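Structure assessment
Below, each chain spelled out in residue letters.
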Amino acid sequence: MAAHAKAGRPSGFNRIGAGEKALRYALLLLVLALTVSPFLWQLSTSLKSLDEDIYSRTPSFLPEHPTLANYAEVARTIPVWSYAVNSLVVAVIVVAGNAVGATVAGYALAKLRFRGAKLLLGLFLATLVLPGEVTIVSQYVTVRGLGLADTLLGVALPGAIGMLNVLLMRTAFQAIPPEMDEAAVIDGATVWQRLLHIGLPNVRGMLSVITIFAFIGAWDDFLWPLIVLTDPANYTLTVGLQYLNGTFIANPRLIAAGTMISFVPIVIVFAALQRFFFRGVEEGAIKG
Amino acid sequence: MRRYWAGLALAATTAVAGCGLGEADQGSAAAPSANLAGEVKGRVSLQTWALKPKFTDYMQGVISAFEKKYPGVKVEWLDQPGDGYSDKVLSQAASGTLPDVTNLPPDFALPLVKQGMLLDVSQADPKLSDEYVAGGLDAYTYAGFQGVYGYPWYLNTDVNYWNSELMTKYGLDPKKPPATFDELVAQARTLKGKSGGKVYLMSRRPELGDLAEAGIPLMSDDGAKFTFNTPEAAALLDKYRDAFKEGLLPRDVLTDTYSGNAQLFNEGTAAWTTGGGNYITSLATDNPTLAPKVVPSKDMGVPPLYVQGLSVSKRTKNAPAAIALARWVTSAENQAAFAHLVSIFPSTKASANDPYFSKSDGTNAGDAKVIAFASLAEAKMLQPVVVTDAMSKFVRQQFALAISGDISSKQALDAAVAKCDELLKN
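No experiment lies behind these values; they were computed from the predicted model shown.

**A few points about the overall build of chain B**
The helix and strand tally for chain B stands at 19 helices and nine strands. In summary, chain B has a C-alpha radius of gyration of 23 Å against a globular reference of 22 Å for 426 residues, a match within 12%. Viewed in the frame of its principal axes, chain B has a C-alpha envelope of about 70 × 50 × 35 Å. The buried share of chain B, taken over its 426 residues, is 47%. Across chain B, every contact between residues at least 6 apart in sequence was considered, and the portion connecting residues at least 24 apart equals 74%.

Here is the structure:
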């Protein structure tokens, strides 16, 4: 829909001089270096062999004797794959919960009129104010009461519908002109039909944004799974990787290798969804 | 910050738990503690802190020997990851799932003692002080609470570590490292001059522990108020201020970009750091080329004492087995075996004459072990357990102001003491 409006037209507004172009690229490269260098340092640390110094005055990014032994050692020390599967289970539940739950709730808050809608929205906002640490113990007591302590479902459940995601979806649905809904109502469409055929196609971008947020949130969370899970066999990757950081022995090469292993899936998810992600970020105007 | 919130949440939920949200046995906190005498059998749980996978074999060995000694007892061993341990323990305590025997350092045990969740082991074990060193037991006694709330497990202390290569290169003799603060400043001056300011000797900002290390009492004997605003403390801060002004310390030592003296030592920017008896061994993993150049020496003042211990839950359903297990893991033989694996030191009196700790194998790591073991005799817990993160932060800010010369040392100390007293009352 939007594609043919932009395609192939020379943009008069965006014409810039060579000097300014160079400056822009220089600034972009600088920011890129700043954001990427910690990752590169971790990557290079994970590839260094045991006879190389990790900490030095001038960090060296190229390992002298590159080795994959650290990755093998991580896999030998802890059951990386089963931890990754546990993380994936949690992430899938959280992503599914958010994609469905936040969409439905956001649609209801944006488009449906019902008694107490304002109050409900206020309550949603109020829960955002509390820092997670304050509620974490009572949350644990609740999850335990449900009999879900030490299960992956117990880890995933509290994050399965993020209040912030509901608000984001509500905003996205609100941007759809009410006339479209009214026209559909006249045509005899039910609420579900309007959600599926008018709402959803217009909020795909925001949906991918919350998918990515939910995935990263579930994948990276450390404190909550640590508290819920007791049996090491149930640990998620972030918790399990902590075993590399023992009381007396902490090999930074192994920790870096573990970090890289847990980082890769996030890159994959983002790469797969980034097309939609950037559409979602700039969403706001609805193109008919 | 994390711990602060978690502590708050613990207090909140224990209040809530009384209203029926928690476990049924939650309300029994006031009830007389579990039956101590009895046969050692049944299930008992043990929780350690970040010992897997390095010490898995050792712990399994200790546990199976215990199960062999007491047939009919079954130990469930849980090892928690290093990060977030305090949060994990607090949530376990709040939900009534604290294991029977838990590895708790004295400061982590304090909130549980306050909530009446730990067993006074001196009641179960009147001969405690015959078997464990006084410093270890003192760590588990708390001002305002009668009793001892944990069996001391392994101990450690700090040793000075010097980069002999940097010292030799810049005109210092690594065989004669500074033994007092004044010598430290003098040698730092030499090093700075010869290296053109590229390398530092001193790279540590003073904190409460450094005052205690210099022999300044931080708190009154009854633990009711702070007392570190003495002229001696002011004189020490003055020395730091002069050294800072002279450029003997890195400029960023007072700010939050300061990465810590161990980090600067590893990078070769600083030639001195302090660390536990096992520091050289872990350095050999991080920076293999630096480790052989490190020379250890004794701490300059009162060496700090670091204690780990095993506490027994007051709500344990199997007190006889829990106490027997805690005693077993902290026994002289089992601790000695642990100390042979890593440079830590047993808290049992019987281990004092073990030649293993007083004889070096000739390596610098072995020397450090011997120095650390000798220091333990005079080591003390430098920082009181009641010192919270908020207190430390305020003290750090005041010290930073004094060292940068914005306020006098006396003013800084008075303000720090006043604030800490106020926070202590809350």
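**A word on the sheet that holds strand E2 (residues 73-80) of chain B**
To summarise the sheet geometry, strands pair through backbone hydrogen bonds and adopt either a parallel or an antiparallel arrangement. Residues and elements named next belong to chain B. Pairing within the open sheet is mixed, and its six strands lie in the order E2-E1-E3-E8-E4-E9. One side of each edge strand has no neighbouring strand; the edge strands of this open sheet are E2 and strand E9 (345-346). In this structure, strand E1 (residues 42-49) lies alongside E2, joined through eight bridges in parallel fashion. Each bridged residue has a counterpart across the sheet, and for Thr48 the counterpart in E2 is Asp79. Relative to E2, helix H2 (residues 56-69) is tilted by about 160°, and along the sheet it contacts E1 and E2.

**Considering the domain arrangement of chain A**
Residue and element names in this part refer to chain A. Each assigned domain of chain A is listed with its residue range as follows: domain 1 (14-67) and domain 2 (73-281). Taken over C-alpha atoms, the centre of domain 1 sits 31 Å from the centre of domain 2. Domain 1 puts six residues into the contact, and the matching count from domain 2 is six residues. Counted by class, the side of domain 1 that touches domain 2 contains two nonpolar, three polar and one charged residues.

**Some details on the environment of A:Ala84**
All names here are of chain A. Within the secondary structure, Ala84 is located in helix H4 (residues 80-111). When the 18 C-beta atoms within 10 Å are taken as the criterion, Ala84 is described as partly exposed. Separated by 156 residues in the primary sequence, Ala84 and Gly240 have C-alpha atoms spaced 9.2 Å apart.

**Concerning the domain arrangement of chain B**
Much of the literature gives interface size as the accessible area that the parts lose upon coming together. All names here are of chain B. Domain annotation for chain B reports domain 1 (30-152 + 308-373) and domain 2 (159-304 + 382-425). When each unit is reduced to the centre of its C-alpha atoms, the spacing between domain 1 and domain 2 is 31 Å. Contacts between the two partners involve 14 residues from domain 1, matched on the other side by 14 residues from domain 2. Listed by contribution, the elements that provide at least two residues to the side of domain 1 that touches domain 2 are helix H4 (106-114) and helix H17 (364-376).

**Digging into the interface of chain A and chain B**
Taken together, the contact between chain A and chain B spans 33 residues of the former and 41 residues of the latter. Of all the secondary-structure elements, those providing two or more residues to the side of chain A that touches chain B are helix H6 (132-145) and helix H12 (223-228) of chain A. The element contributing the most residues to the side of chain A that touches chain B is H6(A), with eight residues. In the side of chain A that touches chain B, the residues fall into 19 nonpolar, nine polar and five charged.

**Section: unusual backbone geometry**
Each neighbour pair has its own omega, and for B:Lys52 with B:Pro53 the value is -5°, a cis peptide bond. Checked against the element boundaries, B:Pro53 lands in the loop between E1 and H2. One non-glycine residue, A:Asp150, lies in positive phi territory at about 65°. Tracing the chain through its elements places A:Asp150 in the loop between H6 and helix H7 (152-156). Judged by the 16 C-beta atoms lying within 10 Å of it, A:Asp150 is partly exposed. Backbone geometry places B:Ala50, a non-glycine residue, at a positive phi of 55°. When the 21 C-beta atoms within 10 Å are taken as the criterion, B:Ala50 is described as buried.

**Description of the sheet that holds strand E5 (residues 159-163) of chain B**
Residue and element names in this part refer to chain B. Spatial ordering of the open sheet is given by E6-E5-E7, a layout of three strands whose pairing is antiparallel. With one partner strand each, in any of the chains shown, strand E6 (272-275) and strand E7 (294-297) form the two edges of the open sheet. Each adjacent strand pair in this sheet contributes to an overall mean axis angle of 30°, direction not counted. Inspection of the sheet shows E5 paired to E7 by four bridges, in the antiparallel sense. Bridge pairing in E7 places Trp162 opposite Val295. Together, E5 and E7 form the strand contacts of H17, whose direction differs from that of E7 by roughly 15°.

**Topic: the environment of A:Ser262**
Residue and element names in this part refer to chain A. Tracing the backbone through its elements, the reader meets Ser262 in helix H14 (residues 252-281). Judged by the 19 C-beta atoms lying within 10 Å of it, Ser262 falls in the partly exposed class. A C-alpha to C-alpha distance of 7.0 Å links Ser262 and Leu237, two positions 25 residues apart in sequence.

**Re helix H15 (residues 332-341) of chain B**
Here H15(B) has its buried residues at B:Asn334, B:Gln335, B:Phe338 and B:Ala339. Looking straight down H15(B), one finds its buried side chains confined to an arc of 140°; they lie on one side.

**Overview of the packing of helix H11 (residues 231-245) of chain B against helix H19 (residues 409-425) of chain B**
Residues and elements named next belong to chain B. In the contact formed by H11 and H19, the axes pass within 9 Å of each other and the chain directions differ by 125°. When the axis of H11 is compared with that of H19, the two are oblique. In this structure, H11 meets H19 at a crossing whose hand is right-handed. Every residue of H19 that contacts H11 at Ala233, Ala234, Leu237, Asp238 and Arg241 is listed here: Ser409, Lys410, Ala412 and Leu413. Grouping the constituent residues of the contact of H11 with H19 by class yields five nonpolar, one polar and three charged.

**A look at helix H8 (residues 163-174) of chain A**
Residues and elements named next belong to chain A. Taking 1.5 Å of rise per residue, the twelve residues of H8 would be expected to cover 16 Å, and the 17 Å separating its terminal C-alpha atoms lies within 8% of that figure. Regarding H8, the residues found buried are Asn165, Val166, Leu168, Met169, Arg170, Ala172 and Phe173. Packing partners of the buried residues in H8 comprise H4, helix H5 (117-129), helix H10 (191-202) and helix H11 (204-220).

What counts and what doesn't
- Residues numbered from 1 in each chain as written.
- Chains lettered and ligands numbered in written order.
- Predicted model: local features only at pLDDT ≥ 70, side-chain atom pairs only at ≥ 80, totals over all residues.
- Helix = DSSP H or I, 4+ residues; strand = E, 2+ residues; numbered from the N terminus.
- Rg over C-alpha atoms; globule rule 2.2 N^0.38 Å.
- Buried ≥ 20, exposed ≤ 12 C-beta atoms within 10 Å, placed from the backbone.
- Contact = placed C-beta atoms within 7 Å.
- Pairing = 2+ DSSP bridges.
- Axes fitted to C-alpha atoms, helices over the stretch in contact; angles between N-to-C directions.
- Domains from an automatic or database assignment.
- Nonpolar A, V, L, I, M, F, W, Y, C, P; charged D, E, K, R; others polar.
- Arc of directions from axis to C-beta.
- Parallel < 35°, antiparallel > 145°, perpendicular 65-115°, else oblique.
- Left-handed = near helix turned anticlockwise from the far one by under 90°.
- Expected span 1.5 Å × (residues − 1).

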